[in-house]
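A structural walkthrough
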Amino acid sequence: MEFIVAGGGSPEFCRRMGRSCSSSTDSGSVFSECRSERSDDLSLPGSPFCVGAASSSDSLRSFLFSSSGCSDDDIRSLVSDLESPYVESQRRAAMELRLLAKPSTTDIRIRIACAGAVTPLVALLSHPDPQLQEHAVTAVLNLSLCDENKAPIAAAGAVPNLVRALVTGTPVARGNAAFALVPLAELADVRASIGLCGAIPPIVDLLQTGDARRKKDAAASSLFKLLVVEGNAAVAAEAGVVPPLLEMMADPELGMVDKAAYVLLRVLASPEGRAATLDEGGVGVLVDMLELGSKRQKEVAMLSLVEICKECEAYRRIVVREGAIPPLVTLSHSCSRRVKEKVTSLVTLLRQSTTRGRLTEPGTVPSDARSHDFGDDSRM
């Protein structure tokens, strides 16, 4: 659906918002399965796999890196080299396993894991050699994209080592470590441990400082998975996640408006997230999105305003002053019945706030606010 710029909103926001957008409201279509093609897993300068590189073993390596032609003995040889006393041998083996596991075929990833690669690769995630660590991180990422490998990777202790790589690794290693946490976070018993290992602050830092879309994409995808765990939204808010999310929501050229909006929605589940969003002027961004956004963006913005308005009269009055009621009414005329019910409840609550001449302190719940049931706001 072509994005249409309507009247209203700040001139800067209007200027930035021209783009094409999907009309789907399903967050799953925004956060699609993490694939190695989305990571920084590219042919490496100087490696025998780059175009034009010459080596006496090129023909063997071409055979090795065909998933159909690579034998189990070849894989076991590479795994053995991962535990070599020589860093150069380890680096080469990790790089070759990284590239071998890159094609999106389950069979080769299972074969690599069955050959015993998981444990030594996980151990190398914290290796002091930056290039070796980067190869190991990306190899683990590629192996983790196979469902059968997720639990063994987690059981081998990958989570704390990936978090360490998030802090100490090369830019590529940091981004790919964040991506590797996405499939591992699909395991319910692992998801909580990722936050407990201290992953949230370095992921937020990657979101703030990442110099490429892929790194910000990795950080946003990880946060979306991790913020469903109670307490993680507050940690993310305190780590400063709100300002970069709002910047991404106002920068369509980056191509991450929808992802940032969905992550912000999860941040808003915490009082700290709501307070930070108000402090950073986030209500204005959400109202602009209500006026100018795609169907999906308008509905996510509405859900975010629901979170903001649920328990605080002062916040509601700010939302009213930012002009949220007119675009909400407009949205109610062009949405599904379920969405319309949420919009109607929100508009009623906001209109009630305009009739009261007092402000309550953030965090207090007026008696009439408790009667508003917005239902499950996590999905449309």
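The rules we used
- Residues numbered from 1 in each chain as written.
- Predicted model: local features only at pLDDT ≥ 70, side-chain atom pairs only at ≥ 80, totals over all residues.
- Heavy atoms only, no water.
- Helix = DSSP H or I, 4+ residues; strand = E, 2+ residues; numbered from the N terminus.
- Buried < 20%, exposed > 50% of the residue type's maximum accessible area, 1.4 Å probe, protein only.
- Areas by Shrake-Rupley, 256 points an atom, 1.4 Å probe, with all protein chains shown as cover.
- Axes fitted to C-alpha atoms, helices over the stretch in contact; angles between N-to-C directions.
- Left-handed = near helix turned anticlockwise from the far one by under 90°.
- Contact = heavy atoms within 4.5 Å.
- Nonpolar A, V, L, I, M, F, W, Y, C, P; charged D, E, K, R; others polar.
- Expected span 1.5 Å × (residues − 1).
- Arc of directions from axis to C-beta.
- Phe/Tyr/Trp six-rings, centres within 6.5 Å; stacked < 30°, edge-to-face > 60°.
- Lys NZ or Arg CZ within 6 Å of the ring centre and 35° of its normal.
- pLDDT = per-residue confidence, 0-100.
- Salt bridge = Lys/Arg side-chain N within 4 Å of Asp/Glu carboxyl O.

The subject of this paragraph is the overall build of the protein. Helix and strand counts for the protein stand at 23 helices and zero strands. Classification of the 380 residues of the protein by burial places 54% in the buried group. Accessible area for the protein stands at about 16000 Å²; split by element, carbon and sulfur atoms hold 51% of it.

Another aspect to go through is the packing of helix H19 (residues 282–292) against helix H20 (residues 295–309). Taken N-terminus to C-terminus, the directions of H19 and H20 make an angle of 145 degrees; their axes are 8 Å apart at the nearest point. For H19 against H20, the interelement crossing comes out left-handed. Across the interface between the two elements, Val283, Leu286, Met289, Leu290 and Glu291 from H19 touch Gln297, Lys298, Ala301, Met302, Ser304, Leu305 and Ile308 from H20. Looking at side-chain class alone, the contact of H19 with H20 contains eight nonpolar, two polar and two charged residues.

Another point: helix H23 (residues 337–354). Here H23 is 18 residues long and its end C-alpha atoms lie 26 Å apart, about the 26 Å a rise of 1.5 Å per residue gives. For H23, the complete set of buried residues consists of Val339, Lys342, Val343, Leu346, Val347, Leu349, Leu350 and Ser353. Buried residues along H23 cover an arc of 165 degrees about the axis, so they all sit on one side. Tucked into the core, H23 has its buried residues touching H20, helix H21 (313–321) and helix H22 (325–332).

Taken as a whole and judged by the stated rule, the model has one aromatic pair. Residues phenylalanine 224 and tyrosine 262 carry aromatic rings whose centres are separated by 6.3 Å and whose planes lie at 80 degrees to one another, so their mutual orientation is edge-to-face. With phenylalanine 224 in helix H14 (residues 213–226) and tyrosine 262 in helix H17 (residues 257–267), this pair connects stretches of sequence that are 38 residues apart. Since its relative accessible area comes to 5%, tyrosine 262 is described here as buried. Above the plane of the ring of phenylalanine 224 lies arginine 266, whose end atom (NZ or CZ) is 3.7 Å from the centre.

All right, on to the confidence of the model for the protein then. Across the protein, the average pLDDT comes to 82, with 75% of residues at or above 70. Every residue in residues 1–25 scores below 50 in pLDDT, and together they form 58 contacts with partners more than four places removed in sequence or on other chains. Scored below 50 in pLDDT, residues 42–57 makes 25 contacts in the model with residues more than four places away or belonging to other chains.

In total, this model carries 18 salt bridges according to the counting rule given. Where aspartate 73 meets arginine 76, a salt bridge forms, and the shortest distance between an N and an O atom there is 2.4 Å. Here aspartate 73 and its partner arginine 76 are both found in helix H4 (residues 72–82), three residues apart, which amounts to about one turn of the helix. Of the residues examined, arginine 76 reaches a relative accessible area of 44% and is grouped as partly exposed. Notably, a salt bridge pairs glutamate 313 with arginine 316, separated by 2.9 Å at the nearest N-O pair. One end of the pair, glutamate 313, and the other, arginine 316, are both in helix H21, three residues apart, so they sit about a helical turn from each other. With relative accessibility at 0%, the residue arginine 316 sits in the buried group.

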